[in-house]
Amino acid sequence: MILGAGASLQAFPTGEMKGNKLPLMCNFVETVGLNLEFRKYGLDYEGKNFEDIYSDLYQNSKYEELVEVIKTKVWSYFSKLELPPNPTMYDHLVLSLRDKDLIATFNWDPFLYYACWRNHEIAELPRVVYLHGNVAIGYCLTDMEAGLTNTKCTKCGRKYVPSQLLFPIKQKDYNRDPFIKSEWGTLRLFLKHAYMVTIFGYSAPYVDVEAIKLMKDAWGSPCSRNLEQTEIIDVKPKQALRDVWKDFIHTHHYHVTNDFYKSSIGLFPRRTCEAEWNYTMPERLAFYPHNPIPKNLGFKELWEWYGSLIEAENKEVHT
Ligand SMILES: [Zn+2]
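Residues numbered from 1 in each chain as written. Predicted model: local features only at pLDDT ≥ 70, side-chain atom pairs only at ≥ 80, totals over all residues. Heavy atoms only, no water.

A.B. asks: Help me understand the sheet that holds strand β5 (residues 145-148), please; the structure alone is not making it clear to me.
C.D. replies: In any sheet, the strands associate via hydrogen bonds between backbone groups, in a parallel or an antiparallel arrangement. Strand order in the open sheet made by the three strands is β5-β4-β6, with antiparallel pairing throughout. Here the strands that pair on one side only, and so sit at the sheet edges, are β5 and β6 (161-162). Across two bridges, the pairing between strand β4 (residues 137-140) and β6 is antiparallel. For Gly-138, the partnering residue across the bridge sits in β6 and is Pro-162. (Pairing = 2+ DSSP bridges. Helix = DSSP H or I, 4+ residues; strand = E, 2+ residues; numbered from the N terminus.)

This is how it looks when you write it as structure tokens:
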């Protein structure tokens, strides 16, 4: 799964636990509260993509001071975001994938990290990589280990260095930071071997040429991907999404929905590939029954519900 800002907005449409709003790249400056700084420099930001503007500022030494202010403000905005105490879409997401799966996120908010943290004793969770850095994640370069910021490396005992946020995306430089480079390496490996890819709320800004190129190279030509299934969870019109992601789609092998709970992950939690395989293979025309994620359960009941699926996996009996 490739995750973008639209996913956090879908999880918390009216804001997170304390009411802080989740920004998209088109309303980022206002939401994060950078308007005053931008006005001070006479910069026009309304309706523009923040990552695009940031890339331009970063390249111009005149804005050095502003770039620092932006970094600090963005860091403090995202690090104060919190998950509410009851299960959220992020908890459902991490419990519905398995340890063979990967979530590659572009988001800076800490929701995915916290969701993994509070569910990790229940099941083997999917692997997570942070393609643009994350406020929750620090790393130790000596030992190539990552963990919660402000905690210590389990090998050398030194504090993790906070990951860098705000990649100037026009610079095409995902290789410069060793942590980010290794995250992209993992995504490439998983994409190469994936049977299904789900793109959730990631708008693929046209300026992020490098991101698209890296993913495209790993996925390969859609013609050679004649079994694989691409799924898009996004609120944008279907045709527009098909155009953006055409390099990842083999003929009709794609599915678009605007609701996570109606996606294959929402309808076949922990069994997405099995369900898809059953659906597409002519010799197995039996439809896999829907098993929708129960949205309104508390943690105890929710964990019990997933328990039966996990138990079946442990017995290697896939029901
Ligand atoms: Zn270390």
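A.B. asks: Even after reading the chapter, I still don't get the coordination of the zinc ion, so can you show me in this structure?
C.D. replies: Around a metal, the ideal angle is 109.5 degrees if four donors adopt a tetrahedral arrangement and 90 or 180 degrees if six donors adopt an octahedral arrangement. Only Cys-140 (SG), Asp-143 (OD), Cys-153 (SG) and Cys-156 (SG) from the protein reach the zinc ion as donors, at distances of 1.9 to 2.3 Å. Geometry at the zinc ion is tetrahedral, judged from its four donor atoms and the angles of 105 to 115° they form at the metal. Sequence spacing of the donors to the zinc ion: C-x2-D-x9-C-x2-C. Placement of Cys-140 in strand β4 and of Cys-156 in the loop between β5 and β6 is noted, with a sequence separation of 16 residues between them. Cys-140 sits in the buried class, given a relative accessible area of 6%. (Donors = N, O, S within 2.8 Å, 3.2 Å for Na, K, Ca; no water. Tetrahedral: all angles 85-135°; square planar, octahedral: opposite > 155°, others 65-115°. Buried < 20%, exposed > 50% of the residue type's maximum accessible area, 1.4 Å probe, protein only.)

A.B. asks: Before we go on, may I ask you to explain unusual backbone geometry in this structure?
C.D. replies: Most peptide bonds take the trans form, and the phi angle of most residues other than glycine is negative. Unlike most non-glycine residues, Met-144 shows phi in positive territory, near 45°. Looking at the secondary structure, you find Met-144 in the loop between β4 and β5. For Met-144, a relative accessible area of 48% puts it in the partly exposed group. Look at Asn-150: it is not a glycine, yet its phi comes out positive at around 75°. Looking at the element boundaries, Asn-150 is found in the loop between β5 and β6. Note on Asn-150: relative accessible area 60%, which makes it exposed.

A.B. asks: Honestly, helix α13 (residues 299-314) in this entry has me stumped. Any pointers?
C.D. replies: Note that an α-helix has 3.6 residues per turn; residues three or four places apart therefore point the same way. Between its first and last C-alpha atoms α13 spans 21 Å; for 16 residues at 1.5 Å apiece the expected length is 22 Å, and the two agree. Along its length, α13 reaches its greatest deviation from straightness, about 30°, at Gly-307. Three or more residues of α13 are buried, namely Phe-299, Leu-302, Tyr-306, Leu-309, Ile-310, Ala-312 and Glu-313. (Expected span 1.5 Å × (residues − 1). Bend = angle between axes of the 7 residues up to and from the residue.)

A.B. asks: Please clarify how the packing of aromatic side chains should be interpreted in this entry.
C.D. replies: How two aromatic rings sit relative to each other is given by the distance of their centres and the angle of their planes. Evaluated as defined, the whole model comprises 21 aromatic pairs. Aromatic pair Tyr-90 and Phe-111: ring centres 5.9 Å apart, planes at 35°, arrangement tilted. Here Tyr-90, found in helix α6 (residues 89-96), pairs with Phe-111, found in helix α7 (residues 111-119); they are 21 residues apart in sequence, far enough to count as distant. Both residues of the pair, Tyr-90 and Phe-111, count as buried. Ring geometry for Phe-106 against Trp-184: centres 6.0 Å apart, planes inclined by 70°, an arrangement best described as edge-to-face. Residue Phe-106 is found in the loop between β2 (102-105) and α7, and its partner Trp-184 is found in helix α8 (residues 178-193); the two are separated by 78 residues along the sequence. The class of Trp-184 is buried, set by a relative accessible area of 2%. Through a chain of ring-to-ring contacts, the aromatic side chains of Phe-28, Phe-50, Tyr-54, Tyr-58, Tyr-77, Phe-78 and Trp-108 assemble into a single cluster. Above the plane of the ring of Tyr-261 lies Lys-295, whose end atom (NZ or CZ) is 4.7 Å from the centre. (Phe/Tyr/Trp six-rings, centres within 6.5 Å; stacked < 30°, edge-to-face > 60°. Lys NZ or Arg CZ within 6 Å of the ring centre and 35° of its normal.)

A.B. asks: I would appreciate a short explanation of the environment of Asn-20 in the present structure.
C.D. replies: Here Asn-20 is to be found in the loop between α1 (5-11) and α2 (28-32). With eleven residues separating them in the primary sequence, Asn-20 and Thr-31 have C-alpha atoms 8.7 Å apart. Once residues lying within four places of it in the same chain are set aside, the contact partners of Asn-20 are Gly-15, Tyr-77, Lys-80 and Leu-81. (Contact = heavy atoms within 4.5 Å.)

A.B. asks: Whenever I open this one, the packing of α6 against α13 confuses me. Can you help?
C.D. replies: Relative placement of two packed helices is described by the angle separating their axes and the distance separating the axes. Remark: α6 packs on α13, axes separated minimally by 11 Å, with the N-to-C direction vectors making an angle of 20°. As the angle between them shows, α6 and α13 are arranged roughly parallel. You can see that α6 and α13 cross each other, and the crossing is right-handed. Contacts between α6 and α13 involve Asp-91, His-92, Leu-95 and Ser-96 from the first element and Phe-299, Leu-302, Trp-303 and Tyr-306 from the second. In terms of residue class, the contact of α6 with α13 is made up of five nonpolar, two polar and one charged. (Axes fitted to C-alpha atoms, helices over the stretch in contact; angles between N-to-C directions. Parallel < 35°, antiparallel > 145°, perpendicular 65-115°, else oblique. Left-handed = near helix turned anticlockwise from the far one by under 90°. Nonpolar A, V, L, I, M, F, W, Y, C, P; charged D, E, K, R; others polar.)

A.B. asks: What's the story with the sheet that holds strand β7 (residues 196-200) in this structure? I'm lost.
C.D. replies: Spatially, the six strands line up as an open sheet ordered β3-β2-β1-β7-β8-β9, and their pairing is parallel. Edge positions in the sheet fall to β3 (127-130) and β9 (254-257), since each has one partner strand and no second. The sheet contact formed by strand β1 (residues 2-3) and β2 spans two bridges and is parallel. Opposite Leu-3, over in β2, you have Thr-105 as the bridge partner.

A.B. asks: Looking at this structure, how should I read the nonpolar core?
C.D. replies: Among soluble globular proteins, nonpolar side chains are generally buried collectively. Counting 88 residues, the largest nonpolar core has Phe-38, Tyr-90, Trp-184 and Met-215 as the members making the most contacts within it. The element contributing the most residues to this core is helix α5 (residues 64-79), with six residues. When sequence neighbours within four positions are dropped, the list of residues in contact with Tyr-90 reads Leu-3, Ala-7, Ser-8, Ala-11, Phe-12, Asn-107, Asp-109, Phe-111, Leu-112 and Ala-115. (Core = buried A, V, L, I, M, F, W, Y, C linked by side-chain atoms within 4.5 Å.)

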